[in-house]
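Here is what each chain is made of, one letter per residue.
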Amino acid sequence: MTDAVKIANRNFSVFYGATRALRGITLDVPAHRILGIIGPAGSGKTALLRAMNRLNDLNPDCRVEGQILLDGVDIYQPDFDAVRLRKRVGMVFALPVPLPLSLFDNIVYGPRLSGIRARTRLNALVEGSLQAAFLWDEVKDRLHTSAMRLSGGQQQRLCLARVLAMEPEVILLDEPCSGLDPISTARIEEALIALKSKYTIVLVTNNTKQAARVADTTAFLFQGELVEVGPTGQIFTMPKDQRTNDYVSGRFG
Amino acid sequence: MIISPRNTQALAVTLLGGATGLTLAILVFVIVFILGKGLPVISLGFLFDNPQEMGKAGGIFPTLVGTLILPLVAIFIALPAGVGTAVYLSEYTVENPATRIIRFGTDCLAGIPSIIFGLFGFIFFVTTLKMGWCILSGALTLAIMVLPTIIRTSEEAIKAVPASYREVSCSLGATRWETVLKVVLPNALPGIVTGVMLSIGRCIGETAAVIFTAGASLRLPHSVFDSTRTMAVHFYILAREGISNENAYGTAAVLILSVLLVNSLSYWMMNRFIARRTK
């Protein structure tokens, strides 16, 4: 592969207290592609994802080793600003968590923090990001009602739109469809494929079929280790490692 | 009587219902008794006239003002300090020996009888700092007294805000402080308001801590450096000195009605706030 590397994990480990959640991962995230990360529960997928925007910092028990380079710069070096990092690397969580605000205020939460105040600019961001998340047509008439009233699938697309409104470079998604029905899932996947030309996407998923459908590259994690990474087609049809083969063919996990 | 699950269930319902009924009955009796004796005394003149002959005749206007001002100034001082402490403890520290000592300290502070706060206020604010008997001395003393309530209720309210809200806010590029301002405090507000209401109630009803620090002047205060008399203190002096039982009950009735008014008003405001955020 000759793709540009957006994020490079270099011998990276994560510890929660005494437990080692991730063991020396070296994994490149190619720019403007969708990287799928699959693996059974407890394999360290989420730990890896939360390391890439330093959300693990919120957990006082968490400790990391190794490097993560974003555009070649180590995000764990002492004077690196984690708040600015999170504006560049957005995240969608497993469960949709709209803030108890209106749809509009949810979406402009990030932009307002970045100092954007002009109403026309905010309006444009809201419409643009909702369009990109395939939600605009369903909600355009009720932007100022509470986001809590949306259905689960709509809430998750709102969360995606909220991240897009920050105009990040990378979008991390942590099992974004785990609580959604197949139609909502299809909408999200459709949105992701449309978005990869503009953004670098990392998709952690419990659903191997989802990785097969949308990911360009797929990485298989098992018990905190990176077992195998490669083009999605290859991982699903002729994996090199027996464990990958067992997992993608549904023999365990 | 045969002990069977059915009988014990019936017994439990009877006893629990009885306890609830008794509590309500006592509450209603106290309110009806005081309002019954006090309401006939209340008139516009009683509310808005100055007292005469130490309160034997005339109205209670200065004590009404004192009762309004003193808790307001006290809350004005205690609220930032209390909410600030709660935010610091819950958002900026992890559980460690130091935070446990702070919590233990606030709990101890909550258990101290108010007369001790009164004496402390008298010795420290009134005498040592030479502030004299005045609204500010009283308000500072009351602020210290209600601080534990405000810290504790605010902390509970802050802890009840889902951790996922904080994560989302941070992941959208907010600093810890921006998260506190935009997500944590707005969602904790109903709980914080409840603590403030409890505190205002305690301040309004307080006599011991007030009489030693804010004094008992019946003149209308012109600034926070004047002495004042609250309704509770007025009631105490009228009854204790045998000046006028009717006026004492009248004052008590106004006191009860003001507490009801303050509570209803704040719940109404709070519901409006919640409705606006989640419409």
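Within every chain, residues take consecutive numbers counted from 1 along the sequence as written. Lettering of chains starts at A and numbering of ligands starts at 1, both following the order in which they are written. Local features in this predicted model are restricted to residues whose pLDDT is 70 or higher, and side-chain atom pairs enter the listing and the counts only when it is 80 or higher, whereas totals over whole chains, interfaces and linings include all residues.

### Some points on the overall build of chain A
The following threshold applies: Strands are runs of DSSP state E lasting at least two residues, helices are runs of H or I lasting at least four, and both sets are numbered from the N terminus onward. Here the globule rule is a power law, 2.2 Å times the number of residues to the power 0.38, and the radius of gyration is based on C-alpha atoms. Remark: residues whose backbone-derived C-beta atoms lie within 7 Å of one another are considered to be in contact.
Within chain A, the secondary structure is distributed over 11 helices and 10 strands. Against the 2.2 N^0.38 benchmark of 18 Å for 253 residues, chain A shows a C-alpha radius of gyration of 18 Å, consistent with a compact globule. In chain A, the share of contacts with a sequence separation of at least 24, taken over all contacts with a separation of at least 6, comes to 69%.

### Regarding the overall build of chain B
Selection rule: Each residue is classified by how many other C-beta atoms fall within 10 Å of its C-beta atom, where C-beta atoms are placed from the backbone; a count of 20 or more means buried, 12 or fewer means exposed, and values in between mean partly exposed.
Scanning chain B from N- to C-terminus turns up 11 helices and 2 strands. Across chain B, helices and strands are ordered from the amino to the carboxyl terminus as α-α-β-β-α-α-α-α-α-α-α-α-α. In terms of principal-axis extent, the alpha carbons of chain B reach across some 65 × 65 × 40 Å. Buried residues in chain B amount to 38% of all 279 residues.

### Some remarks on helix α1 (residues 45-52) of chain A
Counting buried positions along α1(A) gives 8 out of 8 residues, so the element sits mostly inside the fold. Note on α1(A): the residue one or two positions beyond its end, Arg54(A), has a positive phi of about 55°.

### Some details on the packing of helix α6 (residues 135-159) of chain B against helix α8 (residues 176-205) of chain B
All names here are of chain B. To keep it simple, the criterion reads: Angular values range over 0 to 180 degrees, each being the angle between N-to-C directions of two axes fitted as lines to C-alpha atoms, with helices fitted over their stretch in contact. Any angle between 65 and 115 degrees counts as roughly perpendicular, while under 35 counts as roughly parallel, over 145 as roughly antiparallel, and the rest as oblique. The sense of a crossing depends on the near helix, which, turned anticlockwise from the far helix by less than a right angle, makes the crossing left-handed and, turned clockwise, makes it right-handed. Note that Gly is not counted as nonpolar here; it falls among the polar residues with everything else outside the nonpolar set of Ala, Val, Leu, Ile, Met, Phe, Trp, Tyr, Cys and Pro and the charged set of Asp, Glu, Lys and Arg.
Interaxial distance between α6 and α8 falls to 8 Å at its minimum, and their mutual angle equals 150°. Accordingly, the angle class assigned to the pair α6 and α8 is roughly antiparallel. Remark: the crossing between α6 and α8 carries right-handed chirality. Touching Leu142, Val146, Thr149, Ile150, Thr153, Ser154, Glu156, Ala157 and Ile158 of α6 are Val184, Ala188, Gly191, Ile192, Thr194, Gly195, Val196, Leu198, Ser199, Arg202 and Cys203, all from α8. Of the residues contributing to the contact of α6 with α8, the split by class is 11 nonpolar, 7 polar and 2 charged.

### Digging into the interface of chain A and chain B
Contacts between the two partners involve 22 residues from chain A and, on the opposite side, 17 residues from chain B. Sorting the residues of the side of chain A that touches chain B by element identifies α2 (82-88), β6 (89-92) and α4 (109-113) of chain A as the ones contributing at least two each. Tallied by class, the residues present in the side of chain A that touches chain B amount to 13 nonpolar, 6 polar and 3 charged.

### Concerning the environment of Gly36(A)
Residue and element names in this part refer to chain A. Inspection of the secondary structure assignment puts Gly36 in strand β3 (residues 34-38). Overall, the presence of 27 C-beta atoms within 10 Å leaves Gly36 in the buried class. Between the alpha carbons of Gly36 and Leu22 there is a distance of 17 Å; along the sequence they are 14 residues apart. Setting aside its immediate chain neighbours within four residues, Gly36 contacts Leu203, Thr205, Ala211, Ala215, Thr218 and Thr232.

### Considering the sheet that holds strand β1 (residues 5-16) of chain A
Worth spelling out the cut-off: Whether two strands pair depends on DSSP finding at least two bridges between them.
The strand order across the open sheet formed by 4 strands is β2-β1-β4-β5 (chain A), and the pairing between neighbours is antiparallel. One side of each edge strand has no neighbouring strand; the edge strands of this open sheet are β2 (19-30) and β5 (73-74) of chain A.

### Some remarks on unusual backbone geometry
The phi dihedral of Arg54(A) is positive, around 55°, even though this residue is not glycine. Structurally, Arg54(A) can be placed in the loop between α1 and β4 (62-70). The backbone phi angle of Met54(B) is positive, close to 60°, even though this residue is not glycine. Topologically, Met54(B) is positioned in the loop between β1 (51-52) and β2 (57-58). Classification of Met54(B) as partly exposed rests on a count of 14 C-beta atoms within 10 Å.

### Observations concerning the sheet that holds strand β7 (residues 170-174) of chain A
All names here are of chain A. Taken in spatial order, the 6 strands make up an open sheet running β6-β7-β8-β3-β9-β10, and their pairing is mixed. For this open sheet the edge positions go to β6 and β10 (225-231), each flanked by a neighbour on one side alone. Taken over all neighbouring pairs, the strand axes of this sheet differ in orientation by 15° on average, direction set aside. Helix α7 (residues 152-164) rests against β6 and β7 of the sheet, and its axis sits at about 175° to β6.

### Some points on the nonpolar core
We apply this condition: The term nonpolar core refers to a set of buried Ala, Val, Leu, Ile, Met, Phe, Trp, Tyr and Cys residues connected through C-beta atoms within 7 Å.
Val202(A), Leu203(A) and Ala74(B) are the most contacted members of the largest nonpolar core, which totals 136 residues. Tallying contributions element by element places α6(B) first for this core, with 14 residues. What Val202(A) contacts, discounting residues up to four positions off in sequence, is Val29(A), Leu35(A), Ile37(A), Leu49(A), Met52(A), Val170(A), Leu172(A) and Leu173(A).

### Description of helix α7 (residues 163-171) of chain B
Among the residues of α7(B), those classed as buried are Val168(B), Ser169(B), Cys170(B) and Ser171(B). Where α7(B) is buried, its residues touch α2 and β6 of chain A together with α8 of chain B. Trailing α7(B) by a residue or two, Gly173(B) shows a phi angle of about 90°, which is positive.

### Let's talk about the pairing of β3(A)
Residue and element names in this part refer to chain A. In terms of burial, β3 is a largely internal element, 5 of the 5 residues being buried. The side-chain alternation of β3 yields two buried faces, one formed by Ile34, Gly36 and Ile38 and the other by Leu35 and Ile37. In terms of strand pairing, β3 meets strand β8 (residues 200-204) through 4 bridges, oriented parallel. Bridge pairing in β8 links Leu35 to Val202. Where β3 and strand β9 (residues 217-222) come together, 4 bridges link them in parallel fashion. When the bridges of β9 are listed, Ile38 appears paired with Phe220.

### Section: the environment of Cys170(B)
Within the element layout of this structure, Cys170(B) appears in helix α7. A residue is classified by how many C-beta atoms lie within 10 Å of it, and Cys170(B), with 23 of them, is buried. Measuring from C-alpha to C-alpha, the distance between Cys170(B) and Val210(B) comes to 45 Å, with 40 residues separating the pair along the chain. Contact partners of Cys170(B), with chain neighbours within four places excluded, come to Leu55(A), Leu58(A), Arg86(A) and Thr179(B).

### Re the domain arrangement of chain B
All names here are of chain B. Counted only if it meets this: Boundaries of every domain are those given by an automatic assignment or by a domain database.
Under the domain assignment, chain B is made up of domain 1 (5-41) and domain 2 (44-277). Here the C-alpha centre of domain 2 lies 29 Å away from the C-alpha centre of domain 1. On the side of domain 2, 8 residues touch domain 1, which itself brings 7 residues to the contact.

### Considerations on the pairing of β10(A)
Residue and element names in this part refer to chain A. Of the pairings in the sheet, the one linking β9 to β10 comprises 6 bridges and is antiparallel in character. Across the sheet, Thr217 pairs through a bridge with Pro231, a residue of β10. With antiparallel pairing between neighbouring strands as the criterion, β9 and β10 make up a hairpin whose turn holds 2 residues, including Gln223 at a positive phi of roughly 50°.

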